[in-house]
Amino acid sequence: MSGRFVRSSKYRHVFGRNTRKEQCYDNLRVSANPWDSNLVKVNPKYLSVNWAAGGGGAFAVIPLEERGKLPERIPLFRGHTAAVLDTDWNPFNDDLIASGSDDGKVLLWRVPENFTLRPDVDIDDIQDVVPVGKLSGHPKKVGHVLFNPAAENVLSSASGDFTVKIWDIEAGAPKLTLNVGDMVYSQSWSANGSLLVTTSRDKKLRIWDARQERPAHEAQGHSGAKNSRVVWLGERDRIATTGFSKMSDRQLALWDMRAPQEPINGFKVLDSISGVCMPFWDDGTQCLYLAGRGDGNIRYFELENDKFEYLAEYKSGDPQRGIAFMPKRGVNIHENEVTRAFKTVNDTYIEPISFIVPRRAESFQDDIYPPTIGLTPAMSPSEWFAGKEAIPPKISMASLYEGEGLKEVTGVQDKPTATLGAPAVQAQPAPKPAEPTPVTKAPEPEPTPVQKAAPSMKEQGASMAAMVNKFADDEEAEPVAEDSSFDEARKPDERPPQSASPVKASPWHQREESQSQPASKPSTPAPAQNNDRSPASSTPAATTPITSSGFAIPDSTNTAASALHGEIQKLTHMVGPLLSEVHEQKQHIETLTKTIESLEANQEKQIQSLNEKIVALEARLN
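Residues numbered from 1 in each chain as written. Predicted model: local features only at pLDDT ≥ 70, side-chain atom pairs only at ≥ 80, totals over all residues. Heavy atoms only, no water.

Structural notes on the side chain of K328
Put simply, the rule is: Put simply, DSSP H or I for four residues or longer makes a helix, DSSP E for two residues or longer makes a strand, and each gets a number counted from the N terminus. Burial here depends on accessible area, computed with a 1.4 Å probe over protein chains only, as a share of the maximum for the residue type. Under 20% is buried, over 50% is exposed, and the range in between is partly exposed. Any pair of N or O atoms that falls within 3.5 Å is considered a polar contact. Within protein, one atom must be able to donate a hydrogen and the other to accept it, and sequence-neighbouring residues count only if both atoms are side-chain atoms. Residue contacts are defined here by distance: any two heavy atoms, one from each residue, within 4.5 Å place the two residues in contact.
For K328, the position within the fold is in the loop between β28 (323-325) and β29 (337-345). Among the residues examined, K328 registers a relative accessible area of 11% and is labelled buried. Side-chain polar atoms of K328 contact the side chain of D282, separated by 2.9 Å. Separated by 2.6 Å, the side chain of K328 and the backbone oxygen of V338 make a polar contact. Setting aside its immediate chain neighbours within four residues, K328 contacts D282, G284, T285, V338, T372 and M397.

Have a look at this one:
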């Protein structure tokens, strides 16, 4: 019985489509440096690749349209004196990129205009690209660089000196320093750019109030010795991490940023593969993609009710060491592509993988393409360092589908972090949401007190839900009783045959028909009984006296049917949400049952594995 219900999702059948070898980016020399980074980064125009170059460090920038086999000699981005460990594209300028290196420097680069890997010059005359800026401040290697997703020209860099520095690129200096105390494995910004989350070698998950230079929360992360990764789930107050257990099983965990002492629903065991899982979040589809480092598979989950629901897995025999995911504004909307991954294969070429929703519609699919972040920042560096919190304006994906370019559909959205932000930060956006509050609350109390029956029905909501089944069978005809007032409305219903038919012909699945019938008899009741109400409001309700229990007692043949249908209509409005809530609770209980069964099965497997190891150890000792 439990397998009869299938969870509804628009992305349940999303599939990954690989690319033919001739359409890949071939003849690459991906860096063999063992540092744990993604090796590649992508935006809608370019792909950056950590390059295996002699005589210092370098990385390559590949225009996305230049597919196929690359020349033996291409222009590289040179300037570091040691291997490049990580790069990151500026989210608001597709031509700007930052790089971190083993030499402890952070360099800034601008892609030249009309840049190509196949310049029309002699091979000996090919010129490498030089940096346009240098950020010095780390005494040891810089392993991770990451631009702020909301503020312009704000960059974080994680170093082997156990710190994370926050740079104002325009000033060329570090303004803030976060003392982590150990090697940082990964970092991720919140959507409004106010908070930074890190994982580190000491197995701690830290959520930093960056401008206060202190951790707002600190929790014990994955217990395994290998690297763990973290990603902020877009505009949600949730964080996802991947890591390992003490038994070296790969794990996935979901955290609430306001109370991250323990992960929501605990640590989810994925498998026993040894490669690090690289997480990527797609805010448009609310899906999390996990790419295994060292294996060729990419599995993806949909976040629903604080639980990662498994969707499917893209499987490949070609292992990846690095991978990057395209920002939403760069996907192919005409093919229903929701995201696109670029994975390295054998450190010699990069293969694009399109994840597609299988639909045949030839029009814009607005349900899978909500507005997304564009190229306009929410604030300047000075505003961010002064404490502002906001989310950048969003663009319409429909305008990209129609070829109209980037069209903003929202302005800068204030997004304070009420529980973690500084008091000065909360003071700025507070007046704005306070202004529209009376406007939305004003219309709420208007029509409810006009009808006496409405508040009494609400007070009797619990008893109505219990009497739904009683309505179909009970034939009690006792007049004006507190516990059987609903049946009294059926007594005049038995005398005239024409008024009895709408009652029997109005089951729950035909309530639209029963709701429309009272409206077809607007002038039947006598207006003499409606001395205290306007006849334009509701004629059947106006001529019907109200009992102390809140139910109407009809006093004529025509008013009986009208009043009874009015009561049925109110009843259905109240019972409908109750039934849907019961259905949701039932599904929630089934989900919890499956989770408990899964945990018990995993526990039994772990116990069995431990017993086998103990037996093997005893055998060796004997």
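Following the structure, the description resumes.
Focus: the pattern of salt bridges
As a reminder of what qualifies: Salt bridge, as used here: a side-chain nitrogen of Lys or Arg that lies within 4 Å of a carboxyl oxygen of Asp or Glu.
The tally for this structure, following the rule as stated, stands at 36 salt bridges. Linking D202 and R206 is a salt bridge whose minimum nitrogen-to-oxygen distance equals 2.7 Å. The network of salt bridges with shared partners includes D237, R238, D256, R258 and D306.

Focus on the sheet that holds strand β12 (residues 142-147)
Which entries qualify depends on this criterion: Paired strands, in this sense, are two strands between which DSSP finds at least two bridges. The axes are straight lines fitted to the C-alpha atoms, using for helices just the contacting stretch, and the angles between their N-to-C directions are given from 0 to 180°.
Read from one edge of the open sheet, 4 strands run β12-β13-β14-β15, paired in antiparallel fashion. Of all strands in the sheet, those with a lone pairing partner are β12 and β15 (173-179), marking the two edges. Strand after strand, the sheet turns through a mean of 20 degrees between neighbouring axes, direction not considered. Alignment of strand β13 (residues 154-159) against strand β14 (residues 163-168), held across 5 bridges, turns out to be antiparallel. Paired with S156 across the strands is I166, a residue of β14.

Things to note about a nonpolar patch on the surface
The criterion, for reference: Patch membership requires more than 30% relative accessible area and the absence of a salt bridge. Residues of like charge join within 9 Å; the nonpolar side chains Val, Leu, Ile, Met, Phe, Trp and Tyr join within 5 Å. Computed with the Shrake-Rupley method and a 1.4 Å probe, the accessible areas treat only the protein chains shown as cover for residues.
Residues M247, L610 and I614 make up a contiguous nonpolar surface patch of about 250 Å² in total accessible area. We classify M247 as partly exposed; its relative accessible area is 37%.

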